[in-house]
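# Observations on chain architecture
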Amino acid sequence: MTEIYTDSDTERAQLSNKTVAVLGYGSQGHAHAQNLDDSGIDVVVGLRPGSRSREHAQDDGLRVATPSEAAAEADIVVMLIPDTVQPSVYETIASELDPGDTLQFAHGFNIHYGQIEPPEDVDVTMVAPKGPGHLVRRTYERGEGTPGLFAVYQDATGEASSEALAYAGAIGCTRAGVIETTFREETETDLFGEQAVLCGGVTDLIKAGYETLVDAGYSSEMAYFECLNELKLIVDLLYEGGHTEMWNSVSDTAEYGGLTRGEDVVDREAMEAILDGVQSGEFAREWIAENQASRPAYRQHRRAEQNHEIEEVGDRLRELFAWSEQAEPAPADD
Ligand code: NAD
Ligand code: MG
Ligand code: MG
Ligand code: MG
Ligand code: MG
């Protein structure tokens with residue numbers, strides 16, 4: 001069993017004389033910066049001069065500087081800007097990393113795939129809450145926390161691990177529980193999960209189910225409710241009590257039909273191929289090249305997804321229950 005670290009495993013004093021530069025004030029950035037500040041840690045938010053996030057950070061009572069100014073005064077520099085822009089921003093702050101400083105991430109992509117190569121005399125760590133930023137902030141304010149991960153890629157000082165745990169404590173993660181991972185494991189499982197299950201797999205499952213019903217002559221409204229809307233009820237049951245609670249809560253007919261038919265729709269070989277692409281770096285190379293070319297395929301896929309009939313049906317039907325809980329608002333763009 002993996003060890004789970006909680007508040008009693010952290011030495012908060014380890015951050016007491018340190019300044020943390022949080023680069024970015026989006027989903028994760030605003031939550032880390034405000035939680036650190038409320039935990040009594042000296043924080044400076046690093047943002048470009050024209051960035052719209054500057055106003056948000058200042059309104060929240062935080063000190064704002066440019067990324068390189070923030071990095072210059074900091075002992076811990078936390079990369080909380082989009083993964084695709086981190087390498088170019090890193091170039092502007094690299095010279096501000098002093099021996100013994102820490103370069104910290106919330107996702108391992110750029111280190112694992114060699115897009116950022118820090119000097120050998122700094123600690124390189126990861127603290128990644130397992131949840132979106134608004135939950136990291138909201139749970140902290142309630143005296144609770146979001147579970148999280150930490151990892152050490154490079155330990156120049158001998159204190160990388162305990163410092164990362166102290167940071168996880170200061171943003172509230174050790175109130176819930178933190179597990180140790182590696183940059184490789186976090187990066188590869190994260191990419192696999194979002195491609196095969198959470199984002200890619202689930203949307204394709206929904207579209208395929210919807211199209212199968214509509215093509216067979218059933219109404220698009222019925223197909224929408226059955227294949228998309230009801231998914232929330234099922235996911236809530238899985239989240240609360242695992243497969244057992246979900247199967248216990250649905251009818252015996254649903255349980256028998258699901259248990260005998262469900263596996264037919266999943267292609268395990270295709271899943272293994274997705275994992276191979278992640279492990280070999282093929283996906284990373286493709287995505288890096290896609291970004292260098294200003295994202296032609298990304299735009300095309302995005303447009304096709306937005307134009308799918310299920311989106312129009314869904315917009316119309318969701319109006320009927322518009323009072324339902326809203327998802328996290330999208331972070332302010334620059
Ligand atoms: P985000 O997209 O919300 O970040 C937006 C912020 O980055 C804004 O403040 C913006 O001003 C700033 N920014 C954008 N372009 C910039 C540039 N060129 N120079 C300087 N600043 C720029 O980011 P996020 O979703 O919080 O992700 C940050 C990191 O956290 C990533 O490594 C991500 O993988 C990781 N992560 C995110 C989540 C999540 O729930 N969003 C969860 C775990 C880990
Ligand atoms: Mg420094
Ligand atoms: Mg993830
Ligand atoms: Mg991800
Ligand atoms: Mg049913």
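Residues numbered from 1 in each chain as written. Chains lettered and ligands numbered in written order. Predicted model: local features only at pLDDT ≥ 70, side-chain atom pairs only at ≥ 80, totals over all residues.

The name that an unreviewed UniProt entry assigns to the protein chain is Ketol-acid reductoisomerase (NADP(+)), with the source organism given as Halovenus salina. For the protein chain, the Sequence similarities (unreviewed entry) comment in UniProt is given as "Belongs to the ketol-acid reductoisomerase family." (UniProt positions renumbered as here; feature names shortened; annotations may be inferred.)

When helix α4 (residues 86–93) is considered as a whole, its buried residues turn out to be Gln 86, Val 89, Tyr 90 and Ile 93. Along the long axis of α4, the arc covered by the buried residues comes to 110°, so they all point the same way. In α4, the exposed positions that point more than 90 degrees away from the buried face belong to Ser 88 and Glu 91. The elements touched by buried residues of α4 are β2 (19–23), α3 (67–73), β5 (76–79) and α5 (109–112). (Buried ≥ 20, exposed ≤ 12 C-beta atoms within 10 Å, placed from the backbone. Helix = DSSP H or I, 4+ residues; strand = E, 2+ residues; numbered from the N terminus. Arc of directions from axis to C-beta. Contact = placed C-beta atoms within 7 Å.)

Turning to the site of ligand 1, a few remarks are in order. The full set close to ligand 1 counts 24 residues, and Gly 24, Gly 26, Gln 28, Ser 53 and His 107 are the nearest of them. Broken down by element, the shell around ligand 1 gets its largest block of residues, three residues, from helix α1 (residues 27–38). In the shell around ligand 1, the residues fall into 12 nonpolar, nine polar and three charged. (Near = placed C-beta within 6 Å. Nonpolar A, V, L, I, M, F, W, Y, C, P; charged D, E, K, R; others polar.)

Moving on, we get to the UniProt feature "active site" (unreviewed entry) in the protein chain. UniProt annotation of "active site" (unreviewed entry) refers to His 107 when read in the numbering used here. Inspection of the secondary structure assignment puts His 107 in the loop between β6 (102–105) and α5. Beyond its immediate chain neighbours, meaning those up to four positions away, His 107 contacts Asp 83, Ala 128 and Asp 190.

The next point concerns the domain arrangement of the protein chain. Each domain of the protein chain was delimited in the assignment, giving domain 1 (4–182) and domain 2 (190–321). The C-alpha-based centres of domain 1 and domain 2 are spaced at 32 Å. (Domains from an automatic or database assignment.)

Residues Thr 102 and Gln 104 point to one face of β6 and Leu 103 and Phe 105 to the other, with burial holding for every one of them. Here β5 pairs with β6 via four bridges, running parallel. Looking at the pairing, Val 78 lines up with Gln 104 of β6. Following the chain from β5 across α4 to the adjacent parallel β6, one finds a crossover that is right-handed. Judged from the four bridges that link them, β6 and strand β7 (residues 123–129) form a sheet pairing that is parallel. When the sheet's bridge partners are listed, Phe 105 is paired in β7 with Met 126. (Pairing = 2+ DSSP bridges. Right-handed = clockwise from strand over helix to strand, strands pointing away.)

Let us look at the packing of α1 against helix α6 (residues 133–141). Each packed pair of helices is defined by two parameters, the angle between the axes and the distance between the axes. Here α1 crosses α6 at 20°, and the two axes come no closer than 7 Å. As summarised for this structure, α1 and α6 are arranged roughly parallel, according to the angle between their axes. In this structure, the crossing between α1 and α6 has a hand that is left-handed. On α6, the residues that touch Ser 27, Gln 28, His 30, Ala 31, Gln 34 and Asn 35 of α1 are Gly 133, Val 136, Arg 137 and Tyr 140. Classifying every residue of the contact of α1 with α6 gives three nonpolar, six polar and one charged. (Axes fitted to C-alpha atoms, helices over the stretch in contact; angles between N-to-C directions. Parallel < 35°, antiparallel > 145°, perpendicular 65-115°, else oblique. Left-handed = near helix turned anticlockwise from the far one by under 90°.)

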